[in-house]
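Here is what each chain is made of, one letter per residue.
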Amino acid sequence: MPELEQAARLDQALAEVAAEMAERTDRGDVATYIPQLGKVDPRKFGIAAVTNDGRVLVAGDADQAFSIQSISKVFTLTLALGNVGDALWQRVGREPSGNPFNSIVQLEHENGIPRNPFINAGAIVISDILLAGHQPREAIGEILRFIQFLADDETIIIDREVAASERATGYRNFALANYMKSFGNLHHAPELALGVYFHHCAIAMSCRQLAMAGRFLANGGRNPATGHSVVSAERARRIGAMMLTCGHYDGSGDFAFRVGIPGKSGVGGGILGIVPGVASLAVWSPGLNANGNSKLGSIALEKLAKMMNWSIFAP
Ligand SMILES: NC(=O)CC[C@H](N)C(=O)O
């Protein structure tokens, strides 16, 4: 299909999905275990698509910043792989956990090696890797600058109130970090690794900015606007594989079944979705389903993928 016609169809599909989501009353529940996240209006809905040929299409509240939370783990994984390469996989596994994102049970059986980089324990190890040779402030700055670079937007910031709110109530994450430290899988003090972790989870971005930041994953590791390589094509594929199998925690199978593309969710209600070779997508609806993934965000991506015939399993 000619590019223009395809763009017009996508624009139309985004508008339809946003209109339909605005009507729905079954919006899920906003996360309240991080008190600051509980203040967000559950009626918000935004969606954005950035195509590999450079079109940026949005609908709804696509320019309002929200807490990206665990979506940041895609970017910290990318950075940490750049720093230490495949040695990373000695400290973090690559299997879906089949457990909630903040579960502690598997860690004992598996000697403090988290199942994958997207559950909290795995992301805390990744933060520890990014700390090597740095003060927490420098590691946090490096992550923020990397995301600003990917999105081509220096206005992206960390919401300090969200970071402080999570630190004040993050007993479970402290438990995970301390537990891993006891197995020797954290090289720095738990509070330092957690400082990095809480701050990258508190990065605030809009759907537009997030979809921009995901472009390299939809385009074989290269920024489609500049042609510059961010990661190798193989690494981009592997990050996509991790997103598909682990990006929605114990809801990853269902997301793959219903949407059919790699995705990464966050408890702020955002989802980053990647259609390899085609587009980077971001959606935001703060209400969550039982697995802690955006309820309407998942439904919206399912509808959009169906309308556009997008799936990594499509011929
Ligand atoms: N699923 C998420 O987005 C969880 C991230 C959140 N910062 C936490 O540690 O609980």
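In this text the structure is predicted, and so the values were computed from the model without any measurement.

For the protein, the helix and strand inventory stands at 13 helices and ten strands. Long-range pairs, those at least 24 residues apart, make up 68% of the contacts in the protein between residues at least 6 apart in sequence.

The next thing to look at is the site of the ligand. Around the ligand sit Tyr33, Gln69, Ser70, Phe101, Asn120, Glu166, Asn173, Tyr197, Cys201, Tyr249, Gly266 and Val267, and those are all the residues in its vicinity. A distance of 2.6 Å separates a nitrogen atom of the ligand from a polar atom in the side chain of Glu166. Across the complex, the protein chains shield 99% of the 290 Å² of accessible surface that the ligand would expose by itself. Looking at side-chain class alone, the shell around the ligand contains six nonpolar, five polar and one charged residues.

On to the sheet that holds strand S8 (residues 270-275). On the basis of which strands lie adjacent, the open sheet formed by five strands has the order S3-S2-S9-S8-S7 and antiparallel pairing. Since the sheet does not close on itself, it has two edges, and those belong to strand S3 (56-60) and strand S7 (263-265), each with one partner. Averaged over all neighbouring strand pairs, the angle between strand axes comes to 10°, with direction disregarded. In this sheet, strand S9 (residues 279-284) lies alongside strand S2 (residues 46-51) in antiparallel orientation, the contact comprising six bridges. Within S9, the position partnered with Ala49 by the bridge is Leu281. Along the sheet, helix H13 (residues 295-308) makes contact with S2, S8 and S9, crossing S9 at roughly 145°.

This next bit is on H13. Between its first and last C-alpha, H13 extends 20 Å over 14 residues, near the 20 Å set by a 1.5 Å rise per residue. What H13 keeps buried is the set Leu296, Gly297, Ser298, Ile299, Ala300, Leu301, Leu304, Ala305 and Met308. In this fold, the buried residues of H13 make contact with helix H1 (3-23), S2, helix H12 (252-258), S8, S9 and strand S10 (287-288). The N-cap of H13, judged by a side-chain oxygen 3.0 Å from the amide nitrogen of Gly297 a few residues on, is Ser294. Note on H13: the residue one or two positions beyond its end, Asn309, has a positive phi of about 60°.

Quick notes on the rules
- Residues numbered from 1 in each chain as written.
- Predicted model: local features only at pLDDT ≥ 70, side-chain atom pairs only at ≥ 80, totals over all residues.
- Heavy atoms only, no water.
- Helix = DSSP H or I, 4+ residues; strand = E, 2+ residues; numbered from the N terminus.
- Contact = heavy atoms within 4.5 Å.
- Near = heavy atom within 4 Å.
- Polar contact = N/O pair within 3.5 Å; in protein donor to acceptor, adjacent residues only side chain to side chain.
- Areas by Shrake-Rupley, 256 points an atom, 1.4 Å probe, with all protein chains shown as cover.
- Nonpolar A, V, L, I, M, F, W, Y, C, P; charged D, E, K, R; others polar.
- Pairing = 2+ DSSP bridges.
- Axes fitted to C-alpha atoms, helices over the stretch in contact; angles between N-to-C directions.
- Expected span 1.5 Å × (residues − 1).
- Buried < 20%, exposed > 50% of the residue type's maximum accessible area, 1.4 Å probe, protein only.

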